[in-house]
Amino acid sequence: MSNSAKNAPGSFPASSPGANRALAVGIVGIVATAGGLLLPNNTHAVAHSWLVGVTFWVAITIGMLLMTMIHHIFDASWSTVIRRQWEHGLAAFPWLAVLFLPLVLATWFGPRDLIWPWMNPEHVLHGHGTVANDILYVKKSSFLSINMFMGATAIFFTVWIWLSARLRKASFTQDSDGDLKWTRMNRVTAAFGIPLAALSLTFAAIYWIKSLEYHWFSTMYGVWFFANCVRGALAISVLIMLWLYVRGDYKGILNTNHLHSIGQLMLAFTVFWAYVTFSQYFLIWNANVPEETFWYNLREINADGSPNQWKYVGIFVLVFGHFLVPFLYLLSYKHKIVHSKIKFIAIWMPCVIFFDLCYNILPALKNEHGDALPLVSVNFIWTITAVIGVGGIWLYAYLKSLPTAKLIPIRDPRINESLLHHE
Amino acid sequence: MAAQPHGLIATFETAPEVYHAAEKVRDAGYKFWDCITPFPIHGLDKAMGVKRSNVPKFSLTGGIIGFCTGMSMIWFMNAFDYPLVVGGKPYFSPMFAFPVSYELTILFCAFATIGGMFFLNRLPMHYHPVLKHDTIHRGMDDQFFIVIETRDPKFDAARTRALLEKAGGKDIKELEA
Amino acid sequence: MATSADHAAPAILNEVNPPELPRAVLVENNRSFTWITDKICGIIEGKTPAWWWVCFIVACFVASFTVAGITYLVATGVGVWGHANPVNWAWDIVNFVFWIGIGHAGTLISAILCLLRQKWRTSINRAAEAMTIFAVVCAGIFPVFHVGRVWFAWYLFPIPNSNYVWQNFRSPLEWDVFAVSTYGTVSVLFWYVGLIPDLATLRDRFMAAGNKLRATIYGFFAMGWRGSNRHWSNYEMAYLILAGISTPLVLSVHTIVSFDFAVSLIPGWHTTIFPPYFVAGAIFSGFGMVLTLMLPLRAIYKLEDLITQYHIDCMCKITLATGTMVGYAYAMEFFIAWYGANPYEGFAFINRAFGPYAWAYWTMITCNVITPQFFWFKKVRQNTALVWILSIFVNVGMWFERFVIIVTSLARDFLPSSWGYYSPSIVEIFTFFGTFGVFSVLFLLFIRFLPIMPMAELKAVTPQADVHGGENHH
């Protein structure tokens, strides 16, 4: 056991050796992903992989932002000890903005249709002529323009970084002065921050992911992204807390009821994700209109009608892995409170969220017949290295932030209730 | 046989009193005993040593049966017994069968939950010795009782009474069976 | 082991010294258990007040409009309603969705707030659940009579019949049958389970007061409940599970109601956000209705200690939150209608906002998106009369939402030559107007004969119910 237990709830040891290791992992991941560029004709695959990596961690950080604000708006008590870790996670937003930059720069200076085909009017659509001639593009060109995209992305990150900074500052300052005005300020931030975050994450999902296939539309898309954000944040925060517990820092802080409550939320959002995803699929399946179904067809069959890999990803990874396994697993009380058991599902969930993002992003990579490239191929290496690379940087940001504040918000008015949390 | 009373009942005025008394009775090793409270007291289960309820098992069974009923019913009716082409849809698909199966899952689960609760509680039971106690109506209002039954192997009229007294019970009476 | 240190008070508690920010009390003035019992049972045991009779007679009179409307319809045929091509669905389904939506807040308060451990639900959940059941009754009237020959309504259920044909399970209307009947059944069960301990209280009080007849009736339904803690243990688990399954149930019911529209191809109906959007709207309208009902009750029965300003605040905030979600959905629909670049879809939305039904559209926007924004202000939330008026606007707005969705899309769809304009007939207006009477009659009977608040649950949230009281502070 580390000696930090006796420091609790004081400062976290200033030197967290993990930070440098995380940074190293991040750099290795990024370099490995960049190495993919050396292969011939591989730029598209690497760029899409990078998009998966960045959106995955952006989703988790947005989830933490939302959870922090939801905590404040409900005046919740039990989640106070967890909230501090969410606040540390928010430190990753500026880094994620930097990591998003390569995509921006590459499309700006490099091939316009590197990722989003509509950015290049000359882009040849499969059997349709070019983007510029496509009536469906012309109709939405005022929204899907490079300037709008870049401006909107800048606004998204600004909003997230600004909200995070407000929440972090108020919470950290309260540690030293115990002033209730910070609690009230956070409630105000949450009240206007939640609608702002909801809108920004919706449009981020539309611009970054949905517009990959710009013919397709679904009003549910933002809600789908929201569900993944929150689930990812919950799972990662469970892992963080268990890690802090093993280190000894959270001994005497984290109790089974915290885990039970957060497990309940994981269960609830698993159901919510399934609800949203099923509704979207079901309505499109049932109405059976080609202008919508093509998006799912791309993920089920090739042009010649044979099933492709994504069909099995959809069935096994999404239906079973993303919904049924966590749902049935989390029904049990024991699986929510025993550390090793909840750890399993907390690792499982980010993995399936990763596959969900792959399912939404990667089929945009097509071969000459217009069929989606399979998931399991050389390209998958870059997807994994991208997630690890961005993850390393995320962890670095988190670990760098960790020693800058108390381990738990010791002067939060609800901290006592949180420490004594019982059902 | 007729002389054998149902048990001893002791009255408590506040929730913390009955809570601490329950801990003492539990530690004395009694099995057939109970607390009568006007509302569920938080933590009393632990103080009494009552295990986590078994109702969820009934619910889960009910839910699974409901889901299977829904799926098989729809397959039987629309694909087997009277196949009918509607809207170019397949005769059977788990997609369109899902909403109804889902509702039946919940319906059966609800019935199983309530049935399981009644079964585990052995209710309805309109006659019970406890209900004949003079001030039992206060037990549904603002008072708390502990009942220790004579069928408990550790029951001993004098010693059990002493235990209840020591635990702070007032107005200790015998309950006729 | 994970659980080893869990029950010891954390050592660091000595080091934290947070400022005090008291939580709102849920029962004001530190009332005793007996006070709560007397207060709530007193409503049932006391003499029937004069206002109750007045309201009851008025409600019966209003309800007679529904009876008259339906009788005329059954005697004549479904043509007495104003439906005609192209608008073959109109007030019947608008009213159905309207009432079902109102019902959802009851389940929401009981179930979702129970799962979220929002203790403030206790003083309003009983009445809200009753509201659910009565709203489902009102909702059921419309589809059942819209089938025309109502004596064949049992064809909706998979009962073997002489035609040897089964129901079409590919139809969302058949899903509705299962959804709504499950919803009604589970709501009644949930409500009844919640009532059992309180019925036992009433049984014992009537027994003590010597009223044998009423003691027997309440006693019969109390199932011999005797407050045993071993029973409470199973009971609480069962209640929690019922809450747990009611939550997905309430979501699924309105989801399936939204499927009635969304699985079709009509512009303005076929949109993937419909399920959560309908659910948010249902919760929104339901909270509006809870406020409309509870605020007068609170004033009449002087329940200010049990339904406190904090409760009203919470309800207003939920109304605000769900109203804003509904606003998000309106915006998203409009945006995607444009983004989807489908001319019919785009037209449907332009037509809603600027076509012949623009008056209904803007009524909807005003009531549903703008009205709740007043709840940002504490001053507004503290003004009970104003909250009540705003809650009426919410009810009106949500009725118009369904009207807008259903009628505008049907009145002008793909083929301009078959466009039309729908207006309700007097029979429809009578039938709908009367359902408010049906609802009121049932609700008045409820407040007269059943405990309007869950006494056991209220007692459990008072400070004197906490067995650890005082132990936390050493």
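Residues numbered from 1 in each chain as written. Chains lettered and ligands numbered in written order. Predicted model: local features only at pLDDT ≥ 70, side-chain atom pairs only at ≥ 80, totals over all residues. Heavy atoms only, no water.

Engineer: Help me understand the overall build of chain C in this model?
Structural biologist: When helices and strands are counted, chain C shows 15 helices and zero strands. The globule rule puts the C-alpha radius of gyration for 474 residues at 23 Å, and the 24 Å found for chain C is close to it. Dimensions of chain C, computed from C-alpha atoms along their principal axes, come out at roughly 80 × 60 × 50 Å. When each of the 474 residues of chain C is scored for burial, the buried share is 62%. (Helix = DSSP H or I, 4+ residues; strand = E, 2+ residues; numbered from the N terminus. Rg over C-alpha atoms; globule rule 2.2 N^0.38 Å. Buried < 20%, exposed > 50% of the residue type's maximum accessible area, 1.4 Å probe, protein only.)

Engineer: For this particular structure, what's the right way to read the packing of helix α8 (residues 274-300) of chain C against helix α14 (residues 426-449) of chain C?
Structural biologist: Helix packing geometry: the angle between the two helix axes and the distance between the axes. Residue and element names in this part refer to chain C. Viewed as axis vectors pointing N to C, α8 and α14 meet at an angle of 45 degrees, and their least axial separation amounts to 13 Å. In terms of orientation, α8 and α14 fall into the oblique class. α8 and α14 meet at a crossing whose hand is right-handed. Counted together, M289, L293 and L297 of α8 and F439, F443 and I447 of α14 form the full contact between these two elements. Broken down by class, the residue content of the contact of α8 with α14 amounts to six nonpolar, no polar and no charged. (Axes fitted to C-alpha atoms, helices over the stretch in contact; angles between N-to-C directions. Parallel < 35°, antiparallel > 145°, perpendicular 65-115°, else oblique. Left-handed = near helix turned anticlockwise from the far one by under 90°. Contact = heavy atoms within 4.5 Å. Nonpolar A, V, L, I, M, F, W, Y, C, P; charged D, E, K, R; others polar.)

Engineer: Help me out: how do you make sense of the pattern of salt bridges in this one?
Structural biologist: Pairing is possible between side chains that carry opposite charge, provided their charged atoms lie close to one another. Taken as a whole, this structure holds 21 salt bridges over all chains when the rule is applied. A salt bridge links E87 of chain A to R83 of chain A; the nearest nitrogen and oxygen atoms lie 2.7 Å apart. Taken together, the residues E87 of chain A and R83 of chain A, both in helix α3 (residues 80-89) and four residues apart, mark about one turn of the helix. Among the residues examined, E87 of chain A registers a relative accessible area of 0% and is labelled buried. A residue is classified by how much of its surface remains accessible, and R83 of chain A, at 1% relative accessible area, is buried. The salt bridge involving D27 of chain B is made with R26 of chain B; its shortest N-O contact spans 3.1 Å. By sharing partners, the salt bridges in this structure join R83, R84, E87, D175 and D412 of chain A into a single network. (Salt bridge = Lys/Arg side-chain N within 4 Å of Asp/Glu carboxyl O.)

Engineer: When you look at the side chain of D92 of chain C in this model, what are you seeing that I'm missing?
Structural biologist: All names here are of chain C. Structurally, D92 can be placed in helix α3 (residues 91-115). There is no salt bridge for the buried D92, and the closest opposite charge comes from R402, which lies 13 Å off by N-O distance. Here the side chain of D92 touches A90 through a polar contact of 3.0 Å, landing on its backbone nitrogen. Of the polar contacts made by the side chain of D92, one reaches the side chain of H146; its length is 2.3 Å. (Lys, Arg positive; Asp, Glu negative; His and termini not counted. Polar contact = N/O pair within 3.5 Å; in protein donor to acceptor, adjacent residues only side chain to side chain.)

Engineer: Looking at this model, I keep getting lost on the interface of chain C and chain B. Mind explaining?
Structural biologist: Many descriptions give the size of an interface as the accessible area lost when the pieces come together. Chain C puts 63 residues into the contact, and the matching count from chain B is 70 residues. Taken together, the connections running from chain C to chain B amount to zero salt bridges. At the boundary of chain C and chain B, one finds 28 residue pairs in polar contact (both at pLDDT 80 or more). If you list the elements that add at least two residues to the side of chain C that touches chain B, you get α1 (33-45), α5 (172-209), α6 (212-222), α7 (229-262) and α15 (455-460) of chain C. Element by element, the count of residues in the side of chain C that touches chain B is highest for α7 of chain C, at 18 residues. Each residue belonging to the side of chain C that touches chain B can be placed in one class, and the counts come to 35 nonpolar, 19 polar and nine charged.

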